[in-house]
Amino acid sequence: MRRGRRLSFAACLALAIAADPALAQTADELYASAVKARQAQNFDEAADLLKRALALKPDNADALVQLGFAELGRNDLLAARDAFSKVLSLAPTYRDASLGMAEVEFRSGNLDAALPLAETVAKADPANADAAALVGNIRKAKQVGNPKPAAAAPAKATKQLRQPDPVPGLIELGRRLRTAGKLPEAEKAYRRALKLAPKDTDILVGLGLVAGSSQRFDEADRLFDRALAIKPCLLDARLGKVRLAIWQGNTPRGRLAVDGVLATAPDNVEALDLDGRIALLEADYTRAGQSFQRALTLEPQSAEALVGIGDVRRAEGDDEAARQAYRQALALQPASADIKQRLAVPPPRKWRLDLGSEVSDLTNGLGDWTDSSAGLAYRLSPRTTISGGTRLATRFGHTDVQLEGRIDQAFSPAFSAYMLAAATPDADFLARYSVGAGASWQVVAPARAFGPLSLNVDARYDDFADTGVTSIQPWIQGYVLDGRLGLSARWVHAEDDTGTRTDGYVLRADLGVTERFNVFAGYADAPEIDGGALVPTRTVFGGVSFDVSDPLTLRASIAHEERPTFDRNIFGLGLTARF
């Protein structure tokens, strides 16, 4: 990519300066001399001095702005555009660079691109006479380009305005709109450019990035392929494919693609940033941190690298270090909504309190059962959570109190597992002790309206006074409708110490009606373990949950259960508090 080549070129120039004592000046000295030369309209001398200064400090935004204006003085619009574009990639809100780019577009005849640039500067700085004058000149030129009978423009001027190539201006406009998140407007600009230059790879890549950001992944892939068909080794298109794999959640494909890019361009800053992103998805925080840090070393003004470092720190559980990195990135890109959104995320709540209570009404005059629980969980790290809880149950005049401990461990973003142990002192009907374990494996990552899809298994052994029961429950869960509808199917197998076996199933659907309100419903035809006995049971159940606020969720549920000897209606309430 251009950045990598620029750094190599800068290194060569630095060696040349070191070899020639007459050129051994500091970047600041060269910059000061260049400014004086430009003010004296010695544009050739100014451009030479600024290029030497940039060889020492390649990402000096002030020097790049001065170089852009020096190139304008020499009427080299392509060189001026390149200089101002580099500045805006480093500091998107640099007004002088925006004004310079507006001047480039104006002189190129790209009036539709020039006017919003100049107006933005004039609005932000009403005292800027140059910006106000440029806005006036552009508006006059637009009138000349669309002559009215009462004020016809000279034929020579009209011809001059209609001849310049509008493609570069449309590409730059599309890039700026895409960076600002205005995807429909950016796509219009790119498609206008594509009609004029169907084989321009910059347009194809830019349009592919817009399509990918809009989740039109197949279209984005075709656009990148078209660019690669024209230029088989085009780095920007290869990097576009890496981004596409990340957007689709296809981590293995993204890893393969970015490793291929880094094999040929190990110092490419964008490739290093993407390598860090993929390492984050792989939960390889060491590699992610190294990639983002190397990118920042190569390009100290890289807001993307700083954001990546912040994401690594947040994933590691160091929220304060993450916020420090985000604030540094925001200083470089004050208008970035993405960075502001990260800073707006509240500090993680490491504690969770779960309270619940159920009342069961039994038929045939058998009275009521109650079952209440309280649990407290603490997140030791982003990957590890420990929890403990107690359960108080009453049945037919007897009361049992059960204590439980559990640990959950995420080994990767796709695979996690847990272990638990429980004990009931002086048990009457609950298990005297229980041990259990389970695992979850996400086999399909979220993509468009489908996913994620996970395979899960739960296993448990309950020891009662007269027998022991082993249960194994493999189940599958998937989501559709952009994750709003979750569907799961569970097979239940239970066997006691005497060899009695029974099997069943549980079906359940969860629907996110709104961001805060969820409902669920299901049907089960599976054995219940009651005092060590395996009781065939059919159950219809449902419930709701409502996020009152970010830290507080309320729950309610209802179920009807049919057993061989009685039916049971169950009513439950609960809450979850995070702090």
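Residues numbered from 1 in each chain as written. Predicted model: local features only at pLDDT ≥ 70, side-chain atom pairs only at ≥ 80, totals over all residues. Heavy atoms only, no water.

Participant: Would you take a moment to explain helix α5 (residues 77-90) for this structure?
Facilitator: Across its 14 residues, α5 extends 20 Å between first and last C-alpha, which sits within 8% of the 20 Å expected from 1.5 Å per residue. Counting buried residues in α5 gives ten out of 14 residues, a clear majority hidden from the surface. When α5 is considered as a whole, its buried residues turn out to be L77, A80, R81, A83, F84, S85, K86, V87, L88 and L90. (Helix = DSSP H or I, 4+ residues; strand = E, 2+ residues; numbered from the N terminus. Expected span 1.5 Å × (residues − 1). Buried < 20%, exposed > 50% of the residue type's maximum accessible area, 1.4 Å probe, protein only.)

Participant: It is not clear to me how the pattern of salt bridges should be interpreted in this structure. Could you clarify?
Facilitator: Here the structure, examined in full by the defined rule, presents 46 salt bridges. Its salt-bridge partner being D311, residue R342 comes within 2.9 Å of it at the nearest N-O pair. One end of the pair, R342, is in helix α20 (residues 337-344); the other, D311, is in helix α18 (residues 303-315), and 31 residues separate them in sequence. The class of R342 is buried, set by a relative accessible area of 19%. Residue class for D311 comes out buried when judged on its relative accessible area of 12%. Across the pair R327 and E320 runs a salt bridge, and its minimum N-O distance is 3.2 Å. Here R327 falls in the partly exposed class, since its relative accessible area comes to 44%. (Salt bridge = Lys/Arg side-chain N within 4 Å of Asp/Glu carboxyl O.)

Participant: Explain a nonpolar patch on the surface to me, please; I cannot follow it from the model alone.
Facilitator: Residues F411, F415, W441, V443, V444, L455 and I476 make up a contiguous nonpolar surface patch of roughly 590 Å² in combined accessible area. Sorting elements by how many residues they give to the nonpolar patch places strand β6 (residues 433-444) first, with three residues. When you line up the elements, I476 lands in strand β8 (residues 468-480). Residue I476 is classed as partly exposed on the basis of its relative accessible area of 35%. (Patch = residues over 30% accessible without salt bridge, like charges linked within 9 Å, V, L, I, M, F, W, Y side chains within 5 Å. Areas by Shrake-Rupley, 256 points an atom, 1.4 Å probe, with all protein chains shown as cover.)

Participant: Explain the environment of T467 to me, please; I cannot follow it from the model alone.
Facilitator: Mapped onto the secondary structure, T467 falls in the loop between β7 (453-463) and β8. A residue is classified by how much of its surface remains accessible, and T467, at 13% relative accessible area, is buried. Sequence separation between T467 and D496 is 29 residues; the distance between their C-alpha atoms is 6.7 Å. When residues no more than four places from it in sequence are discounted, the contact partners of T467 are D462, D496, D497 and G532. (Contact = heavy atoms within 4.5 Å.)

Participant: Help me understand the confidence of the model for the chain, please; the structure alone is not making it clear to me.
Facilitator: Predicted coordinates in regions of low pLDDT should not be interpreted in detail. Residues at a pLDDT of 70 or more form 91% of the chain, whose mean pLDDT is 87. Note that residues 1-24 has pLDDT below 50 and, in this model, 26 contacts with residues that lie over four places away or in other chains. The low-confidence segment residues 146-163 (pLDDT under 50) makes twelve contacts with residues lying over four places distant or belonging to another chain. (pLDDT = per-residue confidence, 0-100.)

Participant: Looking at this structure, I do not really get the side chain of D458. What am I missing?
Facilitator: Take D458: it is sitting in strand β7. Since its relative accessible area comes to 18%, D458 is described here as buried. One polar contact links D458 to Y418, side chain to side chain, over a distance of 2.7 Å. Only 3.0 Å separates the side chain of D458 from the side chain of W475, close enough to count as a polar contact. Sequence-distant contacts of D458, defined by excluding residues within four places in its chain, comprise Y418, A437, G438, S471, I472, Q473, W475 and R490. (Polar contact = N/O pair within 3.5 Å; in protein donor to acceptor, adjacent residues only side chain to side chain.)

Participant: Can you help me understand helix α12 (residues 201-213) in this one?
Facilitator: An α-helix turns once every 3.6 residues. As a result, residues three or four positions apart point the same way. Taking 1.5 Å of rise per residue, 13 residues should cover 18 Å, and α12 covers 18 Å from first to last C-alpha, within 8% of that figure. Listed as buried for α12 are T201, I203, L204, V205, G206, L207, G208, L209, V210, A211 and G212. Of the surrounding elements, those touching the buried residues of α12 are α10 (167-179), α11 (183-196), α13 (217-230) and α14 (235-247). Note on α12: the residue one or two positions beyond its end, Q215, has a positive phi of about 65 degrees.

Participant: I would appreciate a short explanation of unusual backbone geometry in the present structure.
Facilitator: Phi is mostly negative for residues that are not glycine, and the peptide bonds are mostly trans. With phi around 50 degrees, D426 is a residue other than glycine that occupies positive phi space. Among the secondary structure elements, D426 is positioned in the loop between β5 (415-423) and β6. Positive phi, normally seen in glycine, also occurs at D482, with a value near 60 degrees. Turning to its location among the elements, D482 is positioned in the loop between β8 and β9 (485-496). Residue class for D482 comes out exposed when judged on its relative accessible area of 57%.

Participant: How should the packing of aromatic side chains be read in this particular structure?
Facilitator: Aromatic rings considered in pairs are described by the distance between their centres and by the relative angle of their planes. For the coordinates displayed, the defined rule picks out nine aromatic pairs. For the ring pair F411 and F415, a centre distance of 5.9 Å and an interplane angle of 35 degrees mean the geometry is tilted. Accessibility expressed as a relative area gives 33% for F415, which makes it partly exposed. Ring centres of Y433 and Y461 lie 6.4 Å apart, and the angle between their planes is 50 degrees; on these two criteria the pair is classed as tilted. Placement of Y433 in strand β6 and of Y461 in strand β7 is noted, with a sequence separation of 28 residues between them. On the basis of relative accessibility, which here comes to 39%, the residue Y433 falls in the partly exposed class. Taking relative accessible area as the criterion, Y461 reaches 23% and is therefore assigned partly exposed. A connected cluster of aromatic rings, assembled from ring pairs, spans W351, Y378 and F579. The ring centre of W369 lies 4.5 Å from the NZ or CZ of R395, which sits over that ring. Seen from the ring of W475, R490 lies directly overhead, with NZ or CZ sitting 4.4 Å from the centre. (Phe/Tyr/Trp six-rings, centres within 6.5 Å; stacked < 30°, edge-to-face > 60°. Lys NZ or Arg CZ within 6 Å of the ring centre and 35° of its normal.)

Participant: Teacher, can you tell me more about the packing of helix α2 (residues 27-39) against helix α3 (residues 43-56) here?
Facilitator: The packing of two helices is summarised by the inter-axis angle and the distance between the axes. One can describe the packing of α2 onto α3 by two numbers: an axis separation of 8 Å at closest approach and a directional angle of 160 degrees. Our classification of the angle between α2 and α3 gives roughly antiparallel. For α2 against α3, the interelement crossing comes out left-handed. Along its contact with α2, which presents A27, L30, Y31, S33, A34, A37 and R38, the element α3 presents F43, E45, A46, L49, L50, R52, A53 and L56. In the contact of α2 with α3, the residues fall into eleven nonpolar, one polar and three charged. (Axes fitted to C-alpha atoms, helices over the stretch in contact; angles between N-to-C directions. Parallel < 35°, antiparallel > 145°, perpendicular 65-115°, else oblique. Left-handed = near helix turned anticlockwise from the far one by under 90°. Nonpolar A, V, L, I, M, F, W, Y, C, P; charged D, E, K, R; others polar.)

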